[in-house]
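Residue-level structure breakdown
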Amino acid sequence: MTGPFSDYKATEIPPDMQESLFVEPKYISKLMTTQTSFIFGERGSGKTTILKYLEKVFLQDTQHDFLGVYFRFETANMRSLYSKKFDEEDNIHAFSQYIHAVLCKLICYKLVEIKENGIKFDEKSICRDVCELLKEDESVYIDTIDKLQRKFECIRKETLFAIRNRKVECLFDYNSVLEEFAMALRKNECFRNVSICVLLDEYENLTLLQQRVINSMIKNSSYLVIYKVFMRPDGIWDDNTLAEREHLTQTDDYVPIEYVKEILGKENEVNDMIRKICRNRLRFYFDKNKIPYNESDLDIDKYLENKVKNIEIDRIENVNVYRKQLIKNILKKIGKDKDEEIERMSDILELQLMSIVLEKGYSINEILINMRQNSSKYQNWKHNYETNALYIILDACGQKKIYGGLDIIIKLANYNTRMILNILSYSFENYDFTKKDEDNKISVKKQTDAIETMAEICFEQIQYIPAVGPTVKNFIQALGTLFRTFILDKQAKKFEANSFDIEVTGNVSEEDIKKIRIVIKNAIIWGILLPHKANKKKESASVSFDDKDYVLNPILCVYFKISYRKKQKNTLKDEEVMAMFEIEKKAISKMSNVHLLKKSGKDMDGQLELPINKE
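Below or above, wherever it landed, is the structure these notes cover. (Residues numbered from 1 in each chain as written. Predicted model: local features only at pLDDT ≥ 70, side-chain atom pairs only at ≥ 80, totals over all residues. Heavy atoms only, no water.)

If you tally the helices and strands in the chain, you get 23 helices and 10 strands. Taking all 615 residues of the chain together, the buried fraction comes to 54%. A separation of at least 24 residues holds for 76% of the contacts in the chain among residues at least 6 apart in sequence. Element-wise, carbon and sulfur atoms account for 46% of the exposed surface of the chain, whose accessible area totals about 29200 Å². Across the chain, the centroid of the 95 positively charged side chains sits 4 Å from that of the 97 negatively charged ones. (Helix = DSSP H or I, 4+ residues; strand = E, 2+ residues; numbered from the N terminus. Buried < 20%, exposed > 50% of the residue type's maximum accessible area, 1.4 Å probe, protein only. Contact = heavy atoms within 4.5 Å. Areas by Shrake-Rupley, 256 points an atom, 1.4 Å probe, with all protein chains shown as cover. Lys, Arg positive; Asp, Glu negative; His and termini not counted. Charge placed at Lys NZ, Arg CZ, Asp CG, Glu CD.)

Right, here's the structure in full:
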């Protein structure tokens, strides 16, 4: 641990360190129920940490209402359990036997831990009942949980070898083994109310066929075996179970839970939790490195410089050059009868806002009257276009947006704990905690650099999405360029656009529609796009792709230098989306609803020509 925020992957943090760093979510009780749940959360949001915590809590429960077993669907391992030499039925049989052998082995492992903690139960009777489900009755010599555990490990290995040798033999009745295991446990006083809680992680890594096996297990389970299935958003490839025309259904078979909103809580509750996590990490770091500290040294906000209003404008050395040329262009449009009042205006944001509103057809008299009166109309202009004005100024002056403070970092990371810790790790690089100076803060520049580094990493990682990575990256590149065009549009026809929906035109094939669905679904699973229920109903003449709005992840908004606030969306035709998959930026010029900025550098429709070196 080189810094307090450098270790951020739950699977790589030792158990003793996890215990010191862990902060229990406010609404974790929603997961400790007898209902099977599908829990959806973005990659890095903390799902694995919670699953590991639940497994430990269930083990320490002396009443043993739950016996929790955790299993993670690693992509490579799951792919190795599929054989092209098998037909569908054989692959279903092989995976079903393998996963049940693994879960039974894990149950045995937990029972061994319980036994070592001094809890007594009748091992022999449990082994006898479970062994009745084995192909050969082995209850004579399997009379301890340790032996039963080794037996299921042998079955796991035999199944794996058999898959590679292209022939899988049925070794036990896996369809009923989990419930039989639970019933055998309930015969013991210490387990009389126990339910086996199967904690499954990264469900989205399963193939379609493997998901159907898990779905079938869930569909056919009872109160004796419950499931908590964690996955990324849209991680279900198909809700069909193995039976013909049988589907998993909400309320009847499972409860859907949005991890961040329903387990972590509202925005202020999440912010508070992140601060507690930072507090624990700072304490652990100070204790480990024997650095003296007091309680105030554990406050993360103490170290982060906050962004003050207009800091971006104040940092522009040549801002007056831009201001003079901006005034010159405004006067060129309105004539000279208002030149004195315009030239007296010092607030460059107000001048840029005036320029935008002029482009939208308002008269200079109406604009000035509303500005002087600070009217509701003027406030509406500011609400809609002030952010555009800022980005136009920064772009023209070769400057960048500045970010600072933990609340902004949390929003840009979309409440993703791992990404927040990542950004903090970059921000605190080479920070000297022994220097007890109140002014020893991480500057907004250092924080911005850290956020931009994270944004670049996230964009580059898109290409590694299995199978469709390059296509998703092309699409996001074109999409980001489009949104960048909008925020620099002097007419602000689409102010602060960072979201879109898709219109079905009927001009593309069913195969192309299927491709769009696969690409969008993968972008959602990997956290590139965030799905929202459509906020506006379509016109009767327009057919919606799936009645959803898709928002670009805030960290990628940093990469494309656009606003992360969800204001206006763009409607993309399905044929435009297909074009964006292939040719990146070239697709934009062919889109019917995009007004590209001129590149001539003349008048207010294009970029102002300034004697300033751009980045």
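This part covers the nonpolar core. Ranked by internal contacts, the top residues of the largest apolar core, which has 130 residues, are Ile342, Phe475, Ile476 and Leu529. In contact with isoleucine 342, not counting residues within four places along its chain, are Ile327, Ile330, Leu331, Ile334, Leu351, Met354, Ile364 and Leu368. Formed by 70 residues, the second largest nonpolar core is a distinct cluster that contains Phe95, Leu111, Val112 and Ile236. (Core = buried A, V, L, I, M, F, W, Y, C linked by side-chain atoms within 4.5 Å.)

The subject of this paragraph is the layout of surface pockets. Taken as a whole, the second largest pocket encloses approximately 1200 Å³ of empty space. Looking at the second largest pocket, it is lined by 35 residues, and the ones nearest its centre are Glu258, Lys261, Leu530, Pro531 and His532. Of the residues assigned to the lining of the second largest pocket, the class counts are 16 nonpolar, seven polar and 12 charged. (1 Å grid on protein atoms, 1.4 Å probe; cavity = no way out; pocket = protein on both sides within 12 Å on 5 of 7 lines; lining within 4 Å. Points joined across faces, edges and corners; volume = space filled by probe spheres on them. Nonpolar A, V, L, I, M, F, W, Y, C, P; charged D, E, K, R; others polar.)

On to empty space enclosed by the protein. Leftover empty space is mapped by rolling, across the atoms, a probe with the size of a water molecule. This structure, assessed with the given rule, holds one cavity of 30 Å³ or more. Put simply, the largest cavity is a space of about 30 Å³. Lining the largest cavity are Leu81, Tyr82, Asn91, Phe95, Leu209 and Gln210. By residue class, the composition of the lining of the largest cavity is four nonpolar, two polar and no charged.

What holds strands together in a sheet is hydrogen bonding between their backbones, with the strands either parallel or antiparallel. Spatial strand order, 2-3-4-1-5: five strands in an open sheet with parallel pairing. Pairing within the sheet leaves two strands with one partner each, and these edge strands are strand 2 (66-72) and strand 5 (255-258). Put simply, the sheet's adjacent strands are angled 20 degrees from each other on average, direction ignored. Looking at chain direction, strand 3 (residues 195-201) and strand 4 (residues 225-231) are connected through five bridges and run parallel. (Pairing = 2+ DSSP bridges. Axes fitted to C-alpha atoms, helices over the stretch in contact; angles between N-to-C directions.)

Turn by turn, an α-helix covers 3.6 residues, leaving residues three or four places apart pointing in a common direction. Under the 1.5 Å per step criterion, the end-to-end length of helix 14 (residues 348-359) is 17 Å for 12 residues, consistent within 8% with the ideal 16 Å. Counted residue by residue, helix 14 has 11 buried out of 12 residues, so it is predominantly covered. Here helix 14 has its buried residues at Ile348, Leu349, Leu351, Gln352, Leu353, Met354, Ser355, Ile356, Val357, Leu358 and Glu359. In this structure, the buried residues of helix 14 make contact with helix 11 (311-314), helix 12 (319-334), helix 13 (339-344), helix 15 (364-373) and helix 16 (376-396). For helix 14, the side-chain oxygen to backbone nitrogen distance between the N-cap and leucine 349 is 2.9 Å, and the N-cap itself is aspartate 347. (Expected span 1.5 Å × (residues − 1). Polar contact = N/O pair within 3.5 Å; in protein donor to acceptor, adjacent residues only side chain to side chain.)

Looking at the secondary structure, you find aspartate 301 in the loop between helix 10 (267-288) and helix 11. Between the C-alpha atoms of aspartate 301 and aspartate 407, which are 106 residues apart in sequence, the distance is 9.4 Å. Not counting the four nearest positions on each side in its chain, aspartate 301 is found in contact with Arg275, Leu406 and Lys441. Within the structure, aspartate 301 has its side chain in polar contact with the side chain of arginine 275 (distance 2.7 Å).

Moving on, we come to the packing of helix 18 (residues 417-427) against helix 19 (residues 444-461). Where helix 18 contacts helix 19, the two axes come as close as 8 Å, and the packing angle between them is 130 degrees. When the axis of helix 18 is compared with that of helix 19, the two are oblique. Of the two elements, helix 18 crosses helix 19, and the hand of that crossing is right-handed. Seen from helix 18, the contacting residues are Met419, Asn422, Ile423, Tyr426 and Ser427; seen from helix 19, they are Lys446, Gln447, Ala450, Ile451, Thr453, Met454, Ile457 and Cys458. Class assignment for the residues of the contact of helix 18 with helix 19 results in eight nonpolar, four polar and one charged. (Parallel < 35°, antiparallel > 145°, perpendicular 65-115°, else oblique. Left-handed = near helix turned anticlockwise from the far one by under 90°.)

Okay, the pattern of salt bridges next. What the rule picks out here adds up to 41 salt bridges. In this structure, the salt-bridge partner of lysine 110 is glutamate 113, at a minimum N-O distance of 3.4 Å. In this pair, lysine 110 and glutamate 113 both sit in helix 4 (residues 88-116), three residues apart, roughly one turn of the helix. Judged by its relative accessible area of 9%, lysine 110 falls in the buried class. Put simply, lysine 307 and glutamate 312 hold a salt bridge, and the shortest N to O gap is 3.7 Å. (Salt bridge = Lys/Arg side-chain N within 4 Å of Asp/Glu carboxyl O.)

Where like charges cluster on the molecular surface, the negative patch consists of Asp87, Glu88, Glu89 and Asp90. Tracing the chain through its elements places glutamate 89 in helix 4. (Patch = residues over 30% accessible without salt bridge, like charges linked within 9 Å, V, L, I, M, F, W, Y side chains within 5 Å.)

Here we come to the pairing of strand 4. Counting buried residues along strand 4, seven of its seven residues qualify, which places the element largely inside the surrounding structure. Residue alternation in strand 4 divides its side chains into two sets, Val225, Tyr227, Val229 and Met231 and Ile226, Lys228 and Phe230, and both sets are buried. Examined bridge by bridge, strand 1 (residues 37-40) and strand 4 share four bridges and lie parallel to one another. Bridged to phenylalanine 38 within strand 4 is valine 229. The parallel pair strand 3 and strand 4, bridged by helix 8 (residues 208-219), forms a crossover whose chirality is right-handed. (Right-handed = clockwise from strand over helix to strand, strands pointing away.)

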